[in-house]
Amino acid sequence: QVQLAESGGGLVQAGGSLRLSCAASGLTFSKYAMGWFRQAPGKERQFVGGISWSGGGTYHDDSVKCRFTISRDNAKNTVYLQMDSLKPEDTAIYYCAAAQTWAGSTWAKYEYWGQGTQVTVSS
């Protein structure tokens, strides 16, 4: 059974940093592209960033570019989202997702999803 488990969320002041982790099990992690999405109350799910199977290719949404960095460690079956210079508008539930083919920002192409972790940024 495939499981994606996010961790690392919490409450932080504006300008602060958090590092989210997503531990995967039940799949051959190195064969899956990974993505991070977020959803704020009353808003649609938003793509944050994606990373290729090897980690050699990454893509970040313009809203987080230069502040957030996605990375992965295939030996640990884990994908990370380093979030710096956080803003109140970054407040959302953050989800990781896995796709066997490069899915980019298209959430419907991701096959597996985690339960999410709450990130709250206070002003």
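Up top is the structure these notes are about.
A brief report on the enclosed structure follows. (Residues numbered from 1 in each chain as written. Predicted model: local features only at pLDDT ≥ 70, side-chain atom pairs only at ≥ 80, totals over all residues. Heavy atoms only, no water.)

Brief notes about a nonpolar patch on the surface
On the surface, a cluster of nonpolar side chains totalling about 310 Å² of accessible area is made up of Trp53, Tyr59 and Trp102. Looking at the element boundaries, tyrosine 59 is found in strand 6 (residues 58-60). (Patch = residues over 30% accessible without salt bridge, like charges linked within 9 Å, V, L, I, M, F, W, Y side chains within 5 Å. Areas by Shrake-Rupley, 256 points an atom, 1.4 Å probe, with all protein chains shown as cover. Salt bridge = Lys/Arg side-chain N within 4 Å of Asp/Glu carboxyl O. Helix = DSSP H or I, 4+ residues; strand = E, 2+ residues; numbered from the N terminus.)

Some details on the environment of glutamine 82
Tracing the backbone through its elements, the reader meets glutamine 82 in strand 8 (residues 78-83). Classification of glutamine 82 by relative accessible area gives partly exposed; the value is 27%. In the structure, glutamine 82 is positioned 62 residues away from leucine 20 in sequence and 6.4 Å away in space, judged by C-alpha atoms. With residues near it in sequence (within four places) discarded, glutamine 82 still touches Ser17, Leu18, Arg19, Arg67, Phe68 and Thr69. Polar side-chain contacts of glutamine 82 include one of 2.9 Å to the side chain of aspartate 84. (Buried < 20%, exposed > 50% of the residue type's maximum accessible area, 1.4 Å probe, protein only. Contact = heavy atoms within 4.5 Å. Polar contact = N/O pair within 3.5 Å; in protein donor to acceptor, adjacent residues only side chain to side chain.)

So, the state of the cysteines
Inspection of every chain in the model, using the stated rule, returns 1 disulfide. Two residues share a disulfide in this structure: cysteine 22 and cysteine 96, whose sulfurs sit 2.0 Å from each other. Taking the sign of the torsion about the S-S bond as the criterion, the disulfide between cysteine 22 and cysteine 96, at about 50°, is right-handed. Taken as a pair, cysteine 22 in strand 3 (residues 18-25) and cysteine 96 in strand 9 (residues 92-99) lie far apart in primary sequence, 74 residues in all. Each member of the pair, cysteine 22 together with cysteine 96, is buried. (Disulfide = S-S within 2.5 Å.)

Considerations on the side chain of arginine 38
Along the chain, arginine 38 falls in strand 4 (residues 33-39). By relative accessible area, arginine 38 is classed as buried at 7%. Engagement of the side chain of arginine 38 in a polar contact is seen with the side chain of aspartate 90, the distance being 2.9 Å. A distance of 2.9 Å separates the side chain of arginine 38 from the side chain of tyrosine 94, its partner in a polar contact.

Notes on the nonpolar core
Core analysis: the biggest nonpolar cluster contains 27 residues, and Met34, Trp36, Phe68, Val79, Leu81, Met83 and Tyr94 have the highest contact counts within it. Elements with a contribution of two residues or more to this core: strand 3, strand 4, strand 5 (46-51), strand 7 (68-73), strand 8, strand 9 and strand 11 (117-122). (Core = buried A, V, L, I, M, F, W, Y, C linked by side-chain atoms within 4.5 Å.)

Examining the sheet that holds strand 7
With antiparallel pairing, 4 strands are arranged side by side in an open sheet as 1-3-8-7. In this open sheet, the two edge strands, each paired with only one partner strand, are strand 1 (3-7) and strand 7. Neighbour-to-neighbour, the strand axes of this sheet turn through a mean angle of 15°, independent of strand direction. Pairing of strand 1 with strand 3, which is carried by 5 bridges, proceeds in the antiparallel orientation. In the sheet register, serine 7 faces strand 3, and the bridge partner there is serine 21. (Pairing = 2+ DSSP bridges. Axes fitted to C-alpha atoms, helices over the stretch in contact; angles between N-to-C directions.)

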